[in-house]
Amino acid sequence: MRHFRAHITRLLSAITFAVLLGLIYRNQSLALSYLGLTLLLGASVPIVFATLAQMMMVSVGDLDLSIGPFISMSAAIGAIILPNSPWLAALLYVLAIGVYVFCGVLIHVRRLSSIVVTLGLSFIWLGFALLLVPSPGGQAPQYLVDLMTWQPPFVPLPVLFAILAALIGYFIFNITVFGTVVRGFGGNPKVIERSGRSSLGIHAAVYALAGVFGIVSGLLLLGQTTSADANQATSYTLISIASVILGGGEFVGGKIYALGSVFGALTMTLATSFLNFYQVSSDWQVAMQGIILIVALSLRTVIGYSGKPA
Amino acid sequence: MSDTHYSPWNRLRNSYSLSAWVATGVVLVATTLFNAGKGGPSLGPLLTTALSFSTFTVLVSLGQMLVITSGPGNIDLSIPSVIALSGALSMGAMQSSNGLIALGILVALSSGMAVGVVNFLLIRLLKIPPIIATMASALIVLSCAIAYGRGMRTAPPALLAEMLVTRIGYVPVFSIFAMALTLLVWLLLTRTIYGRALCAIGQNRNAARLAGVKTDFHVLLTYAISGALAGLTGCLIASYSGGNSLDQGNEYLLLTVAVVVIGGTSVAGGRASLGGIWGGALFMFLLVALLNTAGASAGLRTLLTGVIIVMVAALTERRQTR
């Protein structure tokens, strides 16, 4: 029974997603077609990778309040600098990851709260993005636009990216030794330290990976929007946190489910367009995300599996 | 730990809000010097503007501080939405009429408080983590504001708008009101059961409960106060800026957390620093004013703000005992 409950908890975001999709299908059967899914889930592609970045942070019990502005900035670098001087852009991306790693180390060494440091970081990324694009503009490199408009055979592009992200997440957290160590570190840092692992190294690596996924997310977003805006990904910060928690992750660290989080991101995306299919005023579109979060997470409470020994 | 053998200087040096005040002083002097060189506003008018804008920040940050003090993970992300909703509701209730000001303020306070109570219920009954619970309620509240306001902008009653710009010397009257409110919160924190209970809950909720503290009641009160203060601020901001708008609360999401933390309140909970709220709020405003007069672009301003937040956090956050 406990195992059953544990599985339900992990699959909660997938079930929520299926229910939403089913309800949309009931009103508009074209929604489940190749084109329908491409349009419905298109916006999820950058969010899925933002969620991967947030997962890295949550896995060690930290939170990243700066991932949204970071993605905006990555997109801005891609639109302004990447087309003309790719090497400079690459250098900037490496520097940005360096700043992430520096903050990870700072948080570890000074035992700071990740919330405060990443709050400061969010202003830094936003400021840099504003310097690059004071008003919306720039032009995405053609290969990014081509990538995002590509129509792969059989599988819609957003679904392909979701599968890819789930595989990456699963690989990092469930296959590699590194992932096991990171999850262990999130659960009980002292034990991992005593087993001879460098907790400083773990922090640095986790923050570096978060930066890498943030850059990927920014470039994919740029491929979709074709131009940059300093505020275009601001909302991703909270959406990514919600996706990770919806996917069965917990703030205490150590508990993280890659597949669930990816479904969480898909659910959050679907929530915004859901009401379009039911002739409800668009005023309530924003509320839908909130309602789905509350319903899904209270279901988890009702099922009553907290992941802790009873 | 007894403080008795500390000299006043030692106590001041150890106070958590000191860094915020020192930083504020430095920025204030720098801004004044800059302005004097460029023929900008002198110290007096600058102080008036700084106090006016900081007062809004202080009012909402007081609530955020109480919530953060109630323990690790507790944070109120619904503040911006509450500011938007209460602005729309109170302006709607007052109909620009001086006779309905009391009703408008009552509507603002109670709408905010209602959201706070809902936040608590989501956290307590449905066991949703506070960050997600207040985020979800923020989304729903924002939708309510959109549906109610429909982009409608109602002008505030003339009397209320006038009250907000009245000042004694260089000090706006409603800043004095906010200082009185700060004093009230200080009394609440240091002289009442609620205040002691809040700190106990923030340090260790289980220990507090086992010691007989009514944890649920006090946390409920905390979220309700935070909501009510955000509601009041929403009404005041709308009156100050000539009418309500949906995005009038946007900046207060990150700003309140930044102000609370720079002011010396522990993010891990259990330790509030009230004086630091004013210091932090004035600092954040003056910093932007300084960079403005120095000719920095919006991007550079934001970037430097971020660098300074990280620096202040790195230098002042004490090692968490947990």
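Here the structure is a predicted model, which is why all the values come from computation and not from measurement.

**Overview of the overall build of chain B**
Looking only at helices and strands, chain B has 14 helices and two strands in total. Buried residues in chain B amount to 54% of all 322 residues. For chain B, the proportion of contacts with a sequence separation of at least 24, taken over those separated by at least 6, is 77%.

**Topic: the overall build of chain A**
When helices and strands are counted, chain A shows 14 helices and zero strands. What you see in chain A, going N to C, is helices and strands ordered as α-α-α-α-α-α-α-α-α-α-α-α-α-α. The C-alpha atoms of chain A give 19 Å as radius of gyration, which agrees with the globular expectation for 310 residues (19 Å, within 12%). Taking the principal axes of the C-alpha coordinates as reference, chain A spans close to 60 × 55 × 35 Å. For chain A, the residues scored as buried account for 51% of the 310 residues in total.

**Topic: the interface of chain B and chain A**
Each side of the interface is counted separately: chain B has 39 residues, and chain A has 38 residues. If you list the elements that add at least two residues to the side of chain B that touches chain A, you get helix 6 (130-149), helix 12 (252-262) and helix 14 (298-316) of chain B. Examining the composition of the side of chain B that touches chain A, we find that 12 residues originate from one element, helix 14 of chain B, more than from any other.

**Here's the deal with helix 12 of chain B**
Residue and element names in this part refer to chain B. Burial analysis of helix 12 places 11 of its 11 residues in the buried class, which makes it a mostly covered element. Here helix 12 has its buried residues at Tyr252, Leu253, Leu254, Leu255, Thr256, Val257, Ala258, Val259, Val260, Val261 and Ile262. After helix 12 finishes, the residue Gly264 shows a positive phi value of roughly 105 degrees.

**A look at helix 13 (residues 275-293) of chain B**
Given a rise of 1.5 Å per residue, 19 residues ought to cover 27 Å, and the 27 Å separating the end C-alpha atoms of helix 13 of chain B matches this to within 8%. Count one or two residues on from helix 13 of chain B and you reach Gly295 of chain B, which has phi positive near 85 degrees.

**Details of the packing of helix 13 (residues 258-274) of chain A against helix 14 (residues 285-303) of chain A**
Residues and elements named next belong to chain A. Following both chains from N to C, one finds helix 13 and helix 14 inclined at 140 degrees, their axes separated by 7 Å at the closest point. Relative to helix 14, the element helix 13 lies oblique. Taken as a pair, helix 13 and helix 14 cross one another with a handedness that is right-handed. Along its contact with helix 13, which presents Thr267, Met268, Ala271, Thr272 and Phe274, the element helix 14 presents Gln285, Met288, Gln289 and Ile292.

**Describing the nonpolar core**
Nonpolar side chains tend to gather and get buried jointly when the protein is soluble and globular. In terms of nonpolar packing, the biggest core is built from 215 residues, with Val48, Ala76, Ala129 and Ala242 of chain A together with Ile132 and Ala258 of chain B touching the most fellow members. Apart from residues no more than four positions distant in its own chain, Ala258 of chain B is found in contact with Leu119 of chain A together with Met284 and Ile309 of chain B.

**Examining unusual backbone geometry**
Unlike most non-glycine residues, Phe154 of chain A shows phi in positive territory, near 70 degrees. Secondary-structure assignment places Phe154 of chain A in the loop between helix 7 (142-149) and helix 8 (157-175). A residue is classified by how many C-beta atoms lie within 10 Å of it, and Phe154 of chain A, with 7 of them, is exposed. Although it is not a glycine, Lys127 of chain B adopts a positive phi angle of roughly 55 degrees. If you trace the backbone, Lys127 of chain B turns up in the loop between helix 5 (101-124) and helix 6. Note on Lys127 of chain B: 15 C-beta atoms within 10 Å, which makes it partly exposed.

**Brief notes about the environment of Ala313 of chain B**
Inspection of the secondary structure assignment puts Ala313 of chain B in helix 14. Not counting residues up to four positions away in its chain, the partners in contact with Ala313 of chain B are Leu112, Val116, Val117 and Gly120 of chain A together with Val261 of chain B.

**Points about the confidence of the model for chain B**
With 91% of its residues at a pLDDT of 70 or more, chain B has an overall mean of 86. Model confidence for the complex is summarised by a pTM of 0.90, with the ipTM given as 0.87.

**What about the packing of helix 5 of chain B against helix 6 of chain B?**
Between two packed helices, the angle of one axis relative to the other and the distance separating the axes together describe the packing. Residue and element names in this part refer to chain B. Relative orientation of the contacting elements helix 5 and helix 6 amounts to 140 degrees, with a least axis distance of 9 Å. Between helix 5 and helix 6, the angle is such that the two are oblique. Note that helix 5 runs across helix 6; the crossing there is right-handed. Where helix 5 approaches helix 6, its residues Val115, Val118, Asn119, Leu122 and Ile123 are matched on the opposing element by Pro130, Ala133, Thr134, Ala136, Ser137 and Val141. Taken together, the residues of the contact of helix 5 with helix 6 sort by class into eight nonpolar, three polar and no charged.

**Things to note about the environment of Leu77 of chain B**
Residue and element names in this part refer to chain B. You can see Leu77 is positioned in the loop between helix 3 (43-69) and helix 4 (79-94). Taking the number of C-beta atoms within 10 Å as the measure of exposure, Leu77 has 24 and is therefore buried. When the C-alpha atoms of Leu77 and Ile131 are compared, they prove to be 6.7 Å apart, with 54 residues separating the residues in sequence. If we skip the residues at most four places from it in the chain, Leu77 touches Ile131, Thr134, Met135, Ala138 and Leu253.

**Let's talk about the environment of Ala207 of chain B**
With respect to the helices and strands, the residue Ala207 of chain B is situated in helix 10 (residues 205-210). C-beta crowding within 10 Å serves as the criterion here: with 11 such atoms nearby, Ala207 of chain B is assigned to the exposed category.

Analysis parameters
Residues numbered from 1 in each chain as written. Chains lettered and ligands numbered in written order. Predicted model: local features only at pLDDT ≥ 70, side-chain atom pairs only at ≥ 80, totals over all residues. Helix = DSSP H or I, 4+ residues; strand = E, 2+ residues; numbered from the N terminus. Buried ≥ 20, exposed ≤ 12 C-beta atoms within 10 Å, placed from the backbone. Contact = placed C-beta atoms within 7 Å. Rg over C-alpha atoms; globule rule 2.2 N^0.38 Å. Expected span 1.5 Å × (residues − 1). Axes fitted to C-alpha atoms, helices over the stretch in contact; angles between N-to-C directions. Parallel < 35°, antiparallel > 145°, perpendicular 65-115°, else oblique. Left-handed = near helix turned anticlockwise from the far one by under 90°. Core = buried A, V, L, I, M, F, W, Y, C linked by C-beta atoms within 7 Å. pLDDT = per-residue confidence, 0-100. Nonpolar A, V, L, I, M, F, W, Y, C, P; charged D, E, K, R; others polar.

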